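# Observations on the three-dimensional arrangement
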Amino acid sequence: MKPELGVCYYPEHWPEDMWAEDAARMVETGLTWVRIGEFAWSRMEPSPGDLQFEWLDRAIDVLGAAGLKVVLGTPTATPPRWMLDKHPDMLAVDAQGQPRKFGSRRHYCFSHQDFIEECTRIARIMGERYGRNPHVAAWQIDNEYGCHETTVSYSQPALQAFRLWLADQYGTVEVLNTAWGNVFWAMEYDSFDQIDLPNLTVTEPNPAHVLAFRRFSSDQVAVFNKAQVDVLRPLTDAPLLHNYMGRILDFDHFKVGEDLDIATWDSYPIGFLSDRLEADEAHKITFLQQGDPDLQAFHHDLYRAVGRGRWWVMEQQPGPVNWAPYNPAPLPGMVRLWSLEAVAHGAEVVSYFRWRQAPFGQEQMHAGLLTPNNAPAPALAEARQTADDLAQLGAVTQTQADVAILFDYASDWAWTTQPQGAGFNYFRLVFSAYRALRRAGLSVDLLSASETPKAGYKLLFAHGLATLDDKAEQHQSQLTVYGPRSGAITRDFQIPKARPGLSELDCEVDLVETLPPNVRREVVGGGAAQHWVDRLSGSAPDLLTYADGTPALKGENGVWYLSGFPDEALWDRVISMAAQEVGLTLHPLPAGLRRRETEQHVFLINYTSAPVSWNGREIAACDVLILKKHAPEGG
Ligand code: GAL
């Protein structure tokens, strides 16, 4: 596969006489893809039934004639204002019972049937018009499901749909009462029609109720997406895709991904560093203009799994964004670095957001490849340089890693439903292992925990999988690491009699403790557990112990159970012990340097603002050194 570059473009924002020159400049920059259309509903249909597609016909013609391949977006993330007059109850409702109003975007509830019909109607019209257009080479459905916390809605349509969903899941209300343990606090129901949404209760609602609602809300996203897939499939042979976001866990991306051909995601490394990552101040300052060295890679690996091997970056940050608390510019070289890193993880396309900075609207402070006045912004030259790099690079092929992490959205919902300890969550736990594996120079695969088991991994992490799927147990690997909280909750949020996954290990969790963030449970020999501690017993050997003599890690027969959330030092120890156990070579890296292997290459990626030496090689600041495989890595 030969990776390519693209850009997001809004022809409706610019006079038509600029389009041809824009297209020519895109081609000059080395871009081959352009995404359009995803927010243009008010221009496609200014009033109900008044279809105005001639401008879009011309835009596609101009871009296509320049040699660009078009990704055409369905515009369903931004229904026009008239839609609300037609369907006044289509808005999502927040947990306080307030509608989330018109005036920005994503103003719809996933459960609103009439709105879904409006979406399939516009998708059908577009499919019929452009499905066989030779320039339309891919379709994006909607835009960033779940962004702006839009997955969960407490609307009347959601309530009606939830009751039907429950009846379908449980059959009878008696079964539901037992499954949820509704005898507790006399919460038993006589019929599904009495069951409300789990908001505005006096105190905490039943966690089983909340988890069921979270599962339902996630399913609604998949149903919504599939409605458009079903309409477009017969009308086009081009691949269908969606652009997911970073660290949005409110719906099961694997489920949505099953109906699509390619997973794409929107990567904003500097925005994410300040906006959605728990890290200390020093780390955030060190990487202020580069982004976290692992957060992008984590999502690349996650979406490679969601896309079953096929994935893109649909939106790549090109300069300061407008939406994070602080918005510094990337250091010179970073836009190219992010692009090449994505390629190293298997991106088929890296597409920049956006072509030209908009002089109006919410994102007028968001950089593009061009300034609002059409002058080159710093990222334009880096995109050009990346295109040249890619021409040199040739094919990039992914290989299965030796190490995998099982990832499970429902486990995140379970942790957030009953966190038990403040300031800690499933994502942090999963990500901390990923980081530690990358510090050790390893390539990592992320896998869906409910997928059919895959063979060939030496080391598998099933840590934090609170609602462990039975299938996770069947993954074959030399060593599987569970805990903390793995298998702790059934599908219906009860404590299981025995923890799944642990049949090979004589190990019980007798007690769970959570700790304030500044408290550490020291482990003998170095490192500590923080936040969460499962107190363990059983005849399985203690591989590590806490200072008070209680087990920190137990293991036998290729199964280990980790009692707490490890700090960096403890992760490093656990990973080196595990590597030794399964015969895996580690390549410990200096801070901020990362390493990714493909079939043909080793990529050395320097996220720091200074040159780094490793194995006799020097990697310049914010640079990527690409070594051909089978040549020695040492210098
Ligand atoms: C993404 C979104 C784009 C744009 C961008 C700004 O979340 O898909 O439409 O808003 O962020 O960074």
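In this text, all values refer to a predicted model and were calculated from it rather than measured experimentally.

### Some thoughts on the nonpolar core
- Within the largest apolar cluster, 197 residues are counted, with the highest numbers of intra-cluster contacts made by Leu72, Phe162, Leu166 and Trp180.
- It is helix H8 (residues 207-232) that contributes the most residues to this core, 11 residues altogether.
- If near-sequence neighbours (up to four positions away) are discounted, Leu72 is found in contact with Ile36, Leu56, Ile60, Met126, Tyr130, Val136, Ala138, Trp139 and Gln140.
- Among the nonpolar cores identified, the runner-up in size contains 9 residues, and Ala138, Leu241, Trp312 and Met314 belong to it.

### Examining unusual backbone geometry
- The step from Phe353 to Arg354 runs through a cis peptide bond, and the omega angle for that step is 5 degrees.
- Topologically, Arg354 is positioned in the loop between strand E8 (349-352) and helix H14 (378-393).
- The amide bond that connects Gly483 to the next residue, Pro484, takes the cis arrangement and shows omega of -15 degrees.
- At Asp142, a residue that is not glycine, the phi angle is positive and equals roughly 55 degrees.

### Here we look at the pairing of strand E10 (residues 444-448)
- Burial analysis of E10 places 5 of its 5 residues in the buried class, which makes it a mostly covered element.
- Alternating positions in E10 separate into two faces, Val444, Leu446 and Ser448 on one and Asp445 and Leu447 on the other, with burial throughout.
- Alignment of strand E9 (residues 403-407) against E10, held across 5 bridges, turns out to be parallel. Looking at E10, one finds that Ile405 is bridged to Leu446.

### Description of the sheet that holds strand E24 (residues 624-628)
- Sheet architecture is open: 3 strands sit in the order E20-E21-E24, paired in antiparallel fashion. Of all the strands in the sheet, just strand E20 (593-597) and E24 have a single pairing partner and so form its edges. Strand after strand, the sheet turns through a mean of 15 degrees between neighbouring axes, direction not considered.

### As for the pattern of salt bridges
- Tallying each qualifying case throughout the model produces 40 salt bridges.
- We note a salt bridge from Arg438 to Glu341, for which the minimum N-O separation is 3.6 Å. Taken as a pair, Arg438 in helix H16 (residues 426-439) and Glu341 in helix H13 (residues 334-344) lie far apart in primary sequence, 97 residues in all. There is no split in this pair, since Arg438 and Glu341 are both buried.
- For the salt bridge of Asp567 with Arg520, the shortest nitrogen-to-oxygen distance reads 3.1 Å. Of the two residues, Asp567 is situated in the loop between strand E19 (564-566) and helix H17 (568-582) and Arg520 in the loop between strand E13 (508-514) and strand E14 (521-522); the sequence distance between them amounts to 47 residues.
- Owing to a relative accessible area of 10%, Asp567 belongs among the buried residues under this scheme.
- Through salt bridges with shared partners, a single ionic network connects Asp292, Asp294, Glu341, Arg435, Arg438 and Arg594.

### Overview of H16
- Helix length check: H16 (14 residues) gives 20 Å between terminal C-alpha atoms against 20 Å at 1.5 Å per residue, within 8%.
- The buried count for H16 comes to 13 of 14 residues, which makes it a mostly enclosed element.

### A word on the site of the ligand
- The environment of the ligand is formed by Phe39, Arg105, Asn143, Glu144, Met245, Asp266, Tyr268, Glu315, Trp323, Phe353, Glu363 and His366.
- For the ligand, an oxygen atom lies 3.5 Å from a polar atom in the side chain of Asp266.
- In the complex, the protein chains occlude 98% of the 310 Å² of accessible area that the ligand would expose alone.

### A word on the domain arrangement of the chain
- On domain assignment, one finds that the chain holds domain 1 (4-165 + 217-393), domain 2 (403-582) and domain 3 (593-628).
- Between the C-alpha centres of domain 1 and domain 3 the distance comes to 30 Å.
- Contact residues are listed per partner, giving 21 residues for domain 1 and 15 residues for domain 3.
- Of the roughly 1,500 Å² buried at the junction of domain 1 and domain 3 (both faces included), carbon and sulfur atoms supply 62%.
- Area buried by domain 1 at its contact with domain 3 is led by Leu337, Ala344 and Leu393, which between them contribute 36% of it.
- Linking domain 1 to domain 3 there are 3 salt bridges.
- Applying the counting criterion to the domain 1 and domain 3 interface returns 6 residue pairs in polar contact (both at pLDDT 80 or more).
- Mapped by element, the contributors of at least two residues to the side of domain 1 that touches domain 3 are helix H12 (295-306) and H13.
- With 7 residues, H13 is the largest single contributor of residues to the side of domain 1 that touches domain 3.
- When the residues that make up the side of domain 1 that touches domain 3 are grouped by side-chain class, the tally is 10 nonpolar, 5 polar and 6 charged.

Calculation notes
- Residues numbered from 1 in each chain as written.
- Predicted model: local features only at pLDDT ≥ 70, side-chain atom pairs only at ≥ 80, totals over all residues.
- Heavy atoms only, no water.
- Core = buried A, V, L, I, M, F, W, Y, C linked by side-chain atoms within 4.5 Å.
- Buried < 20%, exposed > 50% of the residue type's maximum accessible area, 1.4 Å probe, protein only.
- Helix = DSSP H or I, 4+ residues; strand = E, 2+ residues; numbered from the N terminus.
- Contact = heavy atoms within 4.5 Å.
- Pairing = 2+ DSSP bridges.
- Axes fitted to C-alpha atoms, helices over the stretch in contact; angles between N-to-C directions.
- Salt bridge = Lys/Arg side-chain N within 4 Å of Asp/Glu carboxyl O.
- Expected span 1.5 Å × (residues − 1).
- Near = heavy atom within 4 Å.
- Polar contact = N/O pair within 3.5 Å; in protein donor to acceptor, adjacent residues only side chain to side chain.
- Areas by Shrake-Rupley, 256 points an atom, 1.4 Å probe, with all protein chains shown as cover.
- Domains from an automatic or database assignment.
- Buried area = accessible area lost by both parts, 1.4 Å probe.
- Nonpolar A, V, L, I, M, F, W, Y, C, P; charged D, E, K, R; others polar.

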